[in-house]
Amino acid sequence: MNHTSLKFTLAPHFRISKLAVKLQILPAGTCLITLRFLMTFLSVFSCRVIQSKNEAFPVGSHVVAYCGWRSHTVCDEKGLIPIIAAWPKDISLSLALGTVGMPGLTAVYGLEEILELKQGETLLVNAAAGAVGSVVGQIAKIKGCKVVGSAGSDAKVAYLKELGFDVAFNYKTVDSLEEALKTASPEGYDCFFENVGGPSSTVALQQMKDFGRIAVCGNISTYNDTAPQTGPYPQMVILMKQLKMEGFMQNRWPHKNEETLKRLMAWVKEGKVKCREHVTKGFENMPAAFMGMLQGENIGKAIIAV
Ligand SMILES: NC(=O)c1ccc[n+]([C@@H]2O[C@H](COP(=O)([O-])OP(=O)(O)OC[C@H]3O[C@@H](n4cnc5c(N)ncnc54)[C@H](OP(=O)(O)O)[C@@H]3O)[C@@H](O)[C@H]2O)c1
């Protein structure tokens, strides 16, 4: 059977075009997947298999796929990850792109593998109402920590308080980020889960306790830069406070994914980790949703439902 696939391609300077592609007969070992949900940030999808010549991925099964921004894709198993076995019927498959997927794994690995967060410590997280940050803060609360989160709107701050953050503030409206961080935790921060980077990072590093640990997860404030940002440079504060700063990618611990996803699902089912999604309907609205995410419109994971 033939299907027509819609596909967005990004030309230089973010021009988006739409192509129609006729799909041919499936090669052995591959399957044809169709989008259910799409993550705006990366080309990661929650998909359903609709034709298959691969026994590991039968028709009707659900997978997470890393492929381009397209409605239909032919993949072999290298591009596919089965979602966890026995996915509960009452939990949306879109969470496979959020709390019970890559962003959830990112939160756990940053907290456990990089920061080695301990009970009683104080954690700072920015972009705190996003897919990663909101899970970071809630897991840190489960671990018995004090959690301070910053986000870019009053609605996001209210959401963080609902999630149990000890202190949350709107970094866009505070008079001084330095004062807001000092007021939130006058004794400083043991751990900093860094999602944003740029100048705000310099201010946050100054508020770390001696021997503080920083997990560099993302640098979203610089992703749209056309010229690289310059200093102030962090070496002096790292030296004087004897800080430990480590970047990480969540795909460093693939052997832990199965157990970690089960743990995340259990927290969701028990109501210990709550999730909100910012859902945009319609594949054709993906570019606008992507721009909106970069302007901070989303509370929780920004998802396209197809
Ligand atoms: N290392 C890894 O393996 C890994 C994996 C996944 C994600 N990440 C990174 O983790 C970070 C968070 O990802 P996510 O999926 O949670 O994002 P998300 O849910 O899509 O949310 C992104 C949020 O970042 C904030 N933001 C956007 N542009 C900004 C800017 N110029 N300055 C400051 N804040 C800005 C906005 O919130 P506000 O309104 O609060 O500003 C926006 O809602 C990103 O940096 C991402 O690249 C890393």
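An unreviewed UniProt entry lists the protein under the name Prostaglandin reductase 1, with Amphiprion ocellaris as the source organism. Under the UniProt heading Subunit (unreviewed entry), the note attached to the protein is "Monomer or homodimer."

A. Here's a closer look at the site of the ligand. Taken together, 28 residues lie near the ligand, and Ala 131, Lys 156, Tyr 171, Tyr 223 and Asn 298 sit nearest. A distance of 2.8 Å separates an oxygen atom of the ligand from a polar backbone atom of Val 132. For the ligand, the accessible surface in isolation is 920 Å², of which the surrounding protein chains cover 90%. Counting only elements with at least two residues in the shell around the ligand, the list comes to helix H1 (102-115), helix H2 (131-142) and helix H8 (286-294). In terms of residue class, the shell around the ligand is made up of 15 nonpolar, 11 polar and 2 charged.

B. Quick look at H2. Over its 12 residues, H2 extends 17 Å from the first C-alpha to the last, a length consistent with the 16 Å expected when each residue adds 1.5 Å. Most of H2 is tucked away, with 10 of its 12 residues classed as buried. Restricting attention to buried positions, one finds in H2 the residues Ala 131, Val 132, Gly 133, Ser 134, Val 135, Val 136, Gly 137, Gln 138, Ile 139 and Ala 140. Just beyond H2, the residue with positive phi is Gly 144, at close to 80°.

C. Highlighting empty space enclosed by the protein. In total, this model carries 1 cavity of 30 Å³ or more according to the counting rule given. Taken as a whole, the largest cavity encloses approximately 60 Å³ of empty space. Leu 95, Gly 98, Thr 99, Ala 131, Ser 134, Val 135, Tyr 159, Cys 275, Arg 276, Glu 277, Gly 300 and Lys 301 are the residues that line the largest cavity. Among the elements that take part in the lining of the largest cavity, H2 stands out by supplying 3 residues, more than any other. Here the residues of the lining of the largest cavity sort into 5 nonpolar, 4 polar and 3 charged.

D. Spotlight on the domain arrangement of the protein. If you check the domain split of the protein, you get domain 1 (4-98 + 277-305) and domain 2 (102-251). On a C-alpha basis, the centroid separation for the pair domain 1 and domain 2 is 30 Å. In this complex, domain 1 contributes 15 residues to the contact, which on the side of domain 2 involves 14 residues. Both faces combined, the contact of domain 1 with domain 2 buries some 980 Å², and carbon together with sulfur accounts for 67% of it. Inspection of the domain 1/domain 2 interface yields 0 salt bridges. Across the contact surface, domain 1 and domain 2 share 3 residue pairs in polar contact (both at pLDDT 80 or more). Residues that form the side of domain 1 that touches domain 2 fall into these classes: 9 nonpolar, 5 polar and 1 charged.

E. Representation of the nonpolar core. Residues Trp 87, Leu 123, Ile 139 and Phe 193 are the most contacted members of the largest nonpolar core, which totals 54 residues. Residue contributions to this core peak at 8 residues, all from H1. When we break this core down by domain, the ones giving at least three residues each are domain 1 (4-98 + 277-305) and domain 2 (102-251). Core analysis: the second largest hydrophobic core is formed by 21 residues, Cys 31, Leu 35, Cys 47 and Ile 304 among them.

F. Spatial organisation of the environment of Val 268. By the secondary structure assignment, Val 268 is in helix H7 (residues 257-270). Considered as a pair, Val 268 and Val 100 are 168 residues apart in the sequence and their alpha carbons are 8.3 Å apart. Setting aside residues up to four positions removed in sequence, Val 268 forms contacts with Ile 91, Leu 95, Thr 99, Val 100, Val 273 and Cys 275.

Basis of the calculations
All residue numbers here refer to positions counted from 1 along the written sequence of the relevant chain. Since the coordinates come from a predicted model, pLDDT governs what is reported: local features require at least 70, and pairs of side-chain atoms require 80 or more to be given and counted, while whole-chain, interface and lining totals use all residues. Remark: hydrogens and water are excluded; side-chain values derive from all non-hydrogen atoms of the structure. UniProt positions are given in the numbering used here, feature names are shortened, and annotations may be inferred rather than shown by experiment. Throughout, the term near means that a residue has one or more heavy atoms lying within 4 Å of the molecule or strand in question. Polar contacts here mean pairs of N or O atoms no more than 3.5 Å apart (in protein, one a potential hydrogen donor and the other a potential acceptor; neighbouring residues in sequence count only if both atoms are side-chain atoms). Throughout, the Shrake-Rupley method with a 1.4 Å probe supplies accessible areas, and for residues the shown protein chains are the sole cover considered. Helix and strand labels come from DSSP, where a helix needs a run of H or I of at least four residues and a strand needs a run of E of at least two; each type is numbered from the N terminus. Residue polarity is assigned by list, with Asp, Glu, Lys and Arg as charged and Ala, Val, Leu, Ile, Met, Phe, Trp, Tyr, Cys and Pro as nonpolar; anything else, Gly included, falls into the polar class. To estimate the expected span of a helix, subtract one from its residue number and multiply by 1.5 Å. Per-residue accessibility, obtained with a 1.4 Å probe over protein chains only, is compared with the maximum for each type, and a residue is labelled buried under 20%, exposed over 50%, and partly exposed between these values. A 1.4 Å probe that fits into a set of points on a 1 Å grid over the protein atoms alone but cannot get out defines a cavity; an open set with protein on both sides within 12 Å along at least five of seven lines defines a pocket, and lining residues are those with an atom within 4 Å of a point. Grid points are joined across faces, edges and corners, and a volume is the space filled by probe spheres set on the points. The split into domains, and so the bounds of each, comes from an automatic or database assignment of domains. Should any heavy atoms of two residues lie within 4.5 Å, those residues are considered in contact. Each of two parts loses accessible area, computed with a 1.4 Å probe, when they are put together; buried area is these two losses added. Here, a salt bridge means any side-chain nitrogen of Lys or Arg that lies within 4 Å of a carboxyl oxygen of Asp or Glu. What we call a nonpolar core is a set of buried Ala, Val, Leu, Ile, Met, Phe, Trp, Tyr and Cys residues that are connected through their side-chain atoms within 4.5 Å.

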